[in-house]
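Below, each chain spelled out in residue letters.
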Amino acid sequence: QVQLVESGGGLVQAGGSLRLSCAASGRTFSSYAMGWFRQAPGKEREFVATISWSGGITYYADSVKGRFTISRDNAKNTVYLQMNSLKPEDTAVYFCAAREWSYSYYASEYDYWGQGTQVTVSS
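This write-up is about the structure you can find in this document. (Residues numbered from 1 in each chain as written. Predicted model: local features only at pLDDT ≥ 70, side-chain atom pairs only at ≥ 80, totals over all residues. Heavy atoms only, no water.)

### Quick notes on the side chain of Ser31
Rules: Strands here are runs of E lasting at least two residues and helices are runs of H or I lasting at least four, both read from the DSSP assignment and numbered beginning at the N terminus. Relative accessibility decides the category of a residue: with a 1.4 Å probe and only protein chains considered, values under 20% of the type maximum give buried, values over 50% give exposed, and everything between is partly exposed. Contacts are assigned to residue pairs with any non-hydrogen atoms lying within 4.5 Å of each other.
Within the secondary structure, Ser31 sits in the loop between strand E3 (18-24) and strand E4 (32-39). A relative accessible area of 11% means that Ser31 is categorised as buried. Here Ser31 is in contact with Trp53, Arg99, Glu100 and Trp101, once residues within four sequence places are set aside.

### Describing the sheet that holds strand E8 (residues 78-83)
The strands making up a sheet are joined through hydrogen bonds of the backbone, oriented either antiparallel or parallel. The following threshold applies: One requirement defines pairing of two strands: DSSP has to find at least two bridges between them. A fitted line through C-alpha atoms represents every axis, and for helices the fit uses only the stretch in contact; the resulting angles, taken between N-to-C directions, go from 0 to 180 degrees.
A sheet is described by the order of its strands in space; here four strands give the open sequence E1-E3-E8-E7, paired in antiparallel fashion. Two strands close off the open sheet at either side, each with one partner strand: strand E1 (4-7) and strand E7 (68-73). Along the sheet, successive strands turn relative to each other by an average axial angle of 15°, direction set aside. Bridge count for E3 against E8 is six bridges, and the pairing is antiparallel. Counterpart to Ala23 in the pairing with E8 is Thr78.

Structure (structure tokens):
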């Protein structure tokens, strides 16, 4: 079983930046692809970014491309989401997720989830 704990959320003005962290437990962290998803009130959970187990391949939702960067440090068992140029529409609970080997755009294909961290962007 893999445990994931997100941190780094908070309140920020539009145009500001935040860095989310996701700390993972387990001996096989390096074999897991990781993803970030978000969910706003009354809306479905949506894909934000994903990164391969090696860190060499990343993909982003069009809405965050050029503003957000996903990265990982396998030695620290941690994945990050650097969020720049934040917009009010980025406001949501952000979830870290893990799945074995291959990266994915789809929440249904992830096996493990963190509890989420709130990001609020004011106008």
